[in-house]
Amino acid sequence: MPYPDEFEGFMINELGKYKDFKKQTFKPKKFGDNDVDIKIECCGVCGSDVHTITGGWGDAPTPICVGHEVVGKAIKVGSAVKTVKVGDRVGVGAQVWSCLKCPQCKSDNENYCPHMVDTYGAPYPKEVDPDETISQGGYASHIRAHEYFVFPIPDAIPSHLAAPMMCAGLTVWSPLVRAGVGPGKQVAIVGLGGLGHFAVMWAAALGAETTVISHSPHKKDDALKLGAKHFVSSGEKDWAKPLAFTFDFVLNTADMTHTFNIDDYLSILKVNCRFHQVGLPDEGIKELKPQQFMANGSSIGASHIGSRPEILAMLKLAADKKLFPMVETLPLSEKNCAEAVDRVKNNKVHYRFTLTDYDKVFGA
């Protein structure tokens, strides 16, 4: 395989045929002075991967190599790179570039840069890459990213556990810390899945009294093990009534909001507090009316991944307190890519997948 002109990955060639992975080569963007090339060791499997290749979130360019929970070794750094050196173990999440000049970027909100480039399926601006190359993700031999979006992995965190932190961990960490979650706060986490189990772990570690709300009663033991103080089964009749005006923050990690009785979830908030979403369903919330927010002045929000300072703080906390997610591993292959995305799609994973053994596929 030529390098660095071409990388190799497991790709989907037609949206909807989400289990039809083929190993093939692709061209990365032109290497720039601030770029880092990473030989990938492992990559987490995210719900975003599934929503993308099924077409659930709309159109996406094909062929596409998904995966944005990447951990590997830096093998080439640009002449202007200051934060990474060859040989470093590093991670990449759901973003590989932003302008770093706009007000959002200058205020540690680069994850909201209007010019941002997602880790896969996004064209680079012409001024950055004359070919406007489409970014490709981490089910691949290598990834190329701007150094600002390449993060050092603390020695205390094994690679297969660090990988899901790059997207899932950060996606729930950012709204929790921006909401001021900490001691004295009552926080509810809706859903105990790939995102939710991270959210429980972080909220508890930040010092909040944490409640899990789930339609799966059998997950109670896991919720308590992760640090929750309380567990509520949302399948029970009138489950929300005893919780009226209880929570300072409700973080919804389930991608099923369109099926919720939203009034129940709004009712459990304290006055002027927020029901915040990081689980993004394929369908919209129907018949939402302003009157539904009036009883307690509640609101609904959402957020997108997180910033570099946030992921560095998250990784430090995880390393210092030995906070690790629940992760299953699968050796990388066409068959196992298909199995992983299918099981994530059908909620049959406990609670994240990491694809491993990249050297056996791509060579050392």
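Residues numbered from 1 in each chain as written. Predicted model: local features only at pLDDT ≥ 70, side-chain atom pairs only at ≥ 80, totals over all residues. Heavy atoms only, no water.

**Here we look at the packing of aromatic side chains**
According to the stated counting rule, one finds ten aromatic pairs in the structure shown. Aromatic pair F7 and F26: ring centres 6.0 Å apart, planes at 85°, arrangement edge-to-face. Of this pair, F7 sits in strand β1 (residues 7-12) while F26 sits in strand β2 (residues 21-26), placing them 19 residues apart in sequence. In this pair, the class of F7 matches that of F26, namely buried. On the basis of an interplanar angle of 75° and a centroid distance of 5.4 Å, the ring pair of Y148 and F149 is categorised as edge-to-face. Overall, the relative accessible area of 22% leaves Y148 in the partly exposed class. (Phe/Tyr/Trp six-rings, centres within 6.5 Å; stacked < 30°, edge-to-face > 60°. Helix = DSSP H or I, 4+ residues; strand = E, 2+ residues; numbered from the N terminus. Buried < 20%, exposed > 50% of the residue type's maximum accessible area, 1.4 Å probe, protein only.)

**Digging into the packing of helix α4 (residues 168-178) against helix α5 (residues 196-205)**
The contact between α4 and α5 brings their axes to 9 Å, and the two run at 45°. Between α4 and α5, the crossing angle belongs to the class labelled oblique. Crossing hand, α4 versus α5: right-handed. From α4, A168, G169, V172, W173 and L176 reach across to α5, where they touch F198, A199, W202 and A203. When grouped by side-chain class, the residues that make up the contact of α4 with α5 number eight nonpolar, one polar and no charged. (Axes fitted to C-alpha atoms, helices over the stretch in contact; angles between N-to-C directions. Parallel < 35°, antiparallel > 145°, perpendicular 65-115°, else oblique. Left-handed = near helix turned anticlockwise from the far one by under 90°. Contact = heavy atoms within 4.5 Å. Nonpolar A, V, L, I, M, F, W, Y, C, P; charged D, E, K, R; others polar.)

**Let's talk about the UniProt feature "domain: Enoyl reductase (ER)" (unreviewed entry) in the protein**
With numbering matched to this structure, UniProt assigns "domain: Enoyl reductase (ER)" (unreviewed entry) to residues 16-355. Between the end C-alpha atoms of residues 16-355 there is a gap of 21 Å, over a span that is 22% helix and 25% strand. (UniProt positions renumbered as here; feature names shortened; annotations may be inferred.)

**Some words on the side chain of S307**
Within the fold, S307 resides in the loop between β15 (299-302) and α8 (308-321). In contact with S307, not counting residues within four places along its chain, are D108, E110, N111, L170 and R178.

**Here's the deal with the sheet that holds strand β10 (residues 186-190)**
With respect to topology, six strands assemble into an open sheet ordered β12-β11-β10-β13-β14-β15, the strand pairing being parallel. Sheet topology places β12 (230-233) and β15 at the edges, where each strand pairs with a single neighbour. Each strand of the sheet is rotated relative to its neighbour by a mean of 20°, with strand direction disregarded. As paired strands, strand β13 (residues 247-252) and strand β14 (residues 269-277) are joined by five bridges and run parallel to one another. Residue F247 lies in a different strand from β14, and its bridge partner there is L269. Strand contacts of α4: β10, β13 and β14, with the helix running at about 160° to β13, the strand carrying the most contacts. (Pairing = 2+ DSSP bridges.)

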